[in-house]
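Residues per chain, in single letters:
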Amino acid sequence: MALHYNLSKVYALSDNDPEFVLQIVTLFVTEIPDDLAEIKEGIKKNDHKHAYSYAHKIKPSLDLLGLKMAFEEILQVEAWTKAEGEKKEIKETFKSVKNQVDEAVKELKKDFEL
């Protein structure tokens with residue numbers, strides 16, 4: 001049961017095509033955790049451009065899979081990168097995004113038997 005994600009946008013976009021939905025879910029599960037690792041690395045090294053490029057990359061996926069809070073928080077990460085803020089300013093926000101994505105990935109893998 002989808003507690004940590006919402007596929008209504010995916011189903012609407014795909015005209016309820018289960019193969020398309022599975023492709024989107026599979027891409028999310030396989031790519032987004034790696035992209036988060038890249039954001040974390042950018043934050044750790046104070047490489048704002050690196051963190052921005054991956055935050056910007058995952059933003060549409062968070063929206064598409066209905067992770068509303070994570071989407072709002074990744075916007076904060078983007079803003080932090082543009083302002084070239086201090087690590088301590090964004091650590092908790094990033095941790096929240098990561099936790100939400102981890103929960104969604106775990107649930108998607110179970111629900112789609114991936």
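Residues numbered from 1 in each chain as written. Predicted model: local features only at pLDDT ≥ 70, side-chain atom pairs only at ≥ 80, totals over all residues. Heavy atoms only, no water.

Participant: Lay out helix α5 (residues 87-111) in plain terms, naming residues and giving numbers.
Facilitator: Taking 1.5 Å per residue, 25 residues should reach 36 Å; α5 reaches 35 Å between its end C-alpha atoms and fits that length. Looking only at α5, the buried set comprises Ile 90, Thr 93, Phe 94, Val 97, Val 101, Ala 104, Val 105, Glu 107 and Leu 108. Residues of α5 that are buried in the fold lie against α2 (18-44), α3 (48-64) and α4 (68-83). Glu 113 lies just past α5 and shows a positive phi near 50°. (Helix = DSSP H or I, 4+ residues; strand = E, 2+ residues; numbered from the N terminus. Expected span 1.5 Å × (residues − 1). Buried < 20%, exposed > 50% of the residue type's maximum accessible area, 1.4 Å probe, protein only. Contact = heavy atoms within 4.5 Å.)

Participant: Quick rundown of the layout of surface pockets? Include the residues and the values.
Facilitator: Taken as a whole, the largest pocket holds about 200 Å³ of empty space. Contributing to the lining of the largest pocket are Lys 40, Ile 43, Lys 44, Lys 87, Lys 91, Glu 92, Phe 94, Lys 95, Lys 98 and Asn 99. Looking at the lining of the largest pocket, the elements that each hand over two or more residues are α2 and α5. No other element matches the seven residues that α5 contributes to the lining of the largest pocket. Its residues placed into classes, the lining of the largest pocket shows two nonpolar, one polar and seven charged. (1 Å grid on protein atoms, 1.4 Å probe; cavity = no way out; pocket = protein on both sides within 12 Å on 5 of 7 lines; lining within 4 Å. Points joined across faces, edges and corners; volume = space filled by probe spheres on them. Nonpolar A, V, L, I, M, F, W, Y, C, P; charged D, E, K, R; others polar.)

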